[in-house]
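Chain residues, written in single-letter form:
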Amino acid sequence: MIHSLFIINSSGDVFMEKHWKSVINKSICDYFFEVQGKASSPDDVPPVISTPHHYLISVYKNSLYFVAVVTTDVPPLFVIEFLHRVIDTFADYFGECTENIIKEHYVVVYELLDEMLDNGFPLATESNILKELIKPPNILRSIANTVTGKTNVCSVLPTSQLSNVPWRRMGVKYANNEGYFDVIEEIDAIIDRNGSTVLCEIQGCIDCCIKLSGMPDLTLSFVNPRLLDDVSFHPCVRFKRWESERILSFIPPDGNFRLISYHIGSQNMVAIPVYIRHAIQYREGSGGKFDVTIGPKQTMGKTVENVSIEVAMPKSVMNMNLTPSQGKYTFDPVMKVLSWEVGRIDPQKLPNIRGSITLQSGAPIPESNPVISVHFTISQLAVSGLRVNRVDMYGEKYKPFKGVKYITKAGKFQIRT
């Protein structure tokens, strides 16, 4: 299965490597660097790279490449899912997964990788089990380990390791019993210059924070479950019940976890929550004008927040002199990228940015207009229309506090001008 793992930073340095079988020289990464050099952006690096004797399977997150080396035919999505689980585990343990954090906690990282894979095959990937096996680092524990020479590895096997509910530890007790469910949706869209939708898809998930005593059995039902036909589940979900009744029935892990992920394709009618009016023109004599207005479209009365816009201008643009009606803008003359931090949209006074473009003297007029990338957040709205009907608990006598929150974000939301 997985033979080795290399973690590579944005400068191309292999700053960490882990081998579960024989050692593979890190010169194998030269094949990866060769393909990476041809890619226009980090996201365009192909996830699977074939070499004469190995396959390199990679994911990119937080300016880091996680490159797994396999020597036999393996389902690529299996390895990609494992790499994402590694990244999520590091973020859960250390707060975030960055180069500095990994370097700061080298020992714990190697301990975690030893437990997560056994001879190249996934073993313990649940956060609850790992936290019983390897205690999360803190200042007091680090000082004690330095003085006593001990490690974070527990000497006792987790109680849930051999149970039929391996994702939940035994004997959980809380003074306040509560369960929170976040329905988070990212909308990916391409809008043409006339405002028509070329492509629109939704990537959604339900993230949970469960702090319940004992061994609760939860059910979660939806008002419109027919929207969910392309779904992946956490292992705790009883799949047969979902197939027959469209109800999520599960014994939850303790703490934070992702219950389901889902995809709603362009065959469904997806509402576009924002629109942009744009006028980008170039004229002879090394100049041009730029005028962009953004406003809410189908937001069910909810406020659009954390709005920002990025525009990759043509190489011949030397500078931009703009005046925003709200927020602030920056223009990077090297990368030729305009960034406008808009903030919150007031429907009564739509944000606008306008001004002049300075082109390189003697350079031809750019043949095409740039693409506008939009980022935004809308609280208390699931743009797909998905609604949770009710959450019920069985198996325990106390009454927990339950809450559901909806968030819509922009994924790859692009407008052609």
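A brief structural summary. Bear in mind the structure is a predicted one, so any value in this text is a computation, not a measurement. (Residues numbered from 1 in each chain as written. Predicted model: local features only at pLDDT ≥ 70, side-chain atom pairs only at ≥ 80, totals over all residues. Heavy atoms only, no water.)

Turning our attention to the pairing of strand S8 (residues 178–191). Of all the 14 residues making up S8, ten are buried; the element is thus mostly covered by neighbouring parts of the structure. In this sheet, strand S9 (residues 197–211) lies alongside S8 in antiparallel orientation, the contact comprising 14 bridges. Residue Phe181 lies in a different strand from S9, and its bridge partner there is Cys208. Count of turn residues in the S8/S9 antiparallel hairpin: five residues, of which Gly195 carries a positive phi of about 90°. (Buried < 20%, exposed > 50% of the residue type's maximum accessible area, 1.4 Å probe, protein only. Helix = DSSP H or I, 4+ residues; strand = E, 2+ residues; numbered from the N terminus. Pairing = 2+ DSSP bridges.)

Here four strands make up an open sheet; going across it, the order is S14-S15-S20-S17 and the pairing antiparallel. If you trace the sheet from one side to the other, it starts and ends with strand S14 (274–283) and strand S17 (317–324), each paired once. On average, adjacent strands in this sheet sit at an angle of 15° to one another, irrespective of strand direction. Bridge analysis of S14 against strand S15 (residues 287–296) gives ten bridges, and the strand direction is antiparallel. Of the residues in S15, the one forming a bridge with Arg283 is Gly287. (Axes fitted to C-alpha atoms, helices over the stretch in contact; angles between N-to-C directions.)

Relative to the assigned elements, Ser58 resides in strand S4 (residues 55–61). If near-sequence neighbours (up to four positions away) are discounted, Ser58 is found in contact with Phe32, Pro46, Pro47, Phe66, Val67 and Leu83. (Contact = heavy atoms within 4.5 Å.)

In total, this model carries eleven aromatic pairs according to the counting rule given. Taking 6.1 Å as the distance between ring centres and 65° as the angle between the ring planes, the aromatic pair formed by Phe32 and Phe33 counts as edge-to-face. Here Phe233 and Trp242 contribute two aromatic rings whose centre-to-centre distance is 5.7 Å and whose plane-to-plane angle is 65°, an arrangement assigned as edge-to-face. A network of ring pairs unites the aromatic residues Phe32, Phe33, Tyr60 and Tyr65 as a single cluster. (Phe/Tyr/Trp six-rings, centres within 6.5 Å; stacked < 30°, edge-to-face > 60°.)

Summed over all chains, the structure comprises nine salt bridges. Glu99 is the salt-bridge partner of Lys103, the closest N and O atoms lying 2.8 Å from each other. Here Glu99 and Lys103 lie together in helix H3 (residues 99–104), a separation of four residues that amounts to about one turn. A salt bridge links Asp217 to Arg238; the nearest nitrogen and oxygen atoms lie 2.9 Å apart. Here Asp217, found in strand S10 (residues 217–222), pairs with Arg238, found in the loop between strand S11 (231–233) and helix H7 (239–245); they are 21 residues apart in sequence, far enough to count as distant. (Salt bridge = Lys/Arg side-chain N within 4 Å of Asp/Glu carboxyl O.)

Moving on to the environment of Glu201. By the secondary structure assignment, Glu201 is in strand S9. Its relative accessible area of 21% is what places Glu201 among the partly exposed residues. When the C-alpha positions of Glu201 and Asn119 are compared, they lie 39 Å apart, and in sequence the two are 82 residues distant. Those residues in contact with Glu201 that sit more than four places away from it in its chain are Glu186, Ile187, Asp188, His263, Ile264, Gly265 and Ser266.

Checked against the element boundaries, Asn352 lands in strand S20 (residues 352–359). A relative accessible area of 11% places Asn352 in the buried class. Among the polar contacts made by the side chain of Asn352, one reaches the main-chain carbonyl oxygen of Val292 at a distance of 3.2 Å. Not counting the four nearest positions on each side in its chain, Asn352 is found in contact with Asp291, Val292, Thr293, Thr323, Pro324, Ser325 and Trp340. (Polar contact = N/O pair within 3.5 Å; in protein donor to acceptor, adjacent residues only side chain to side chain.)

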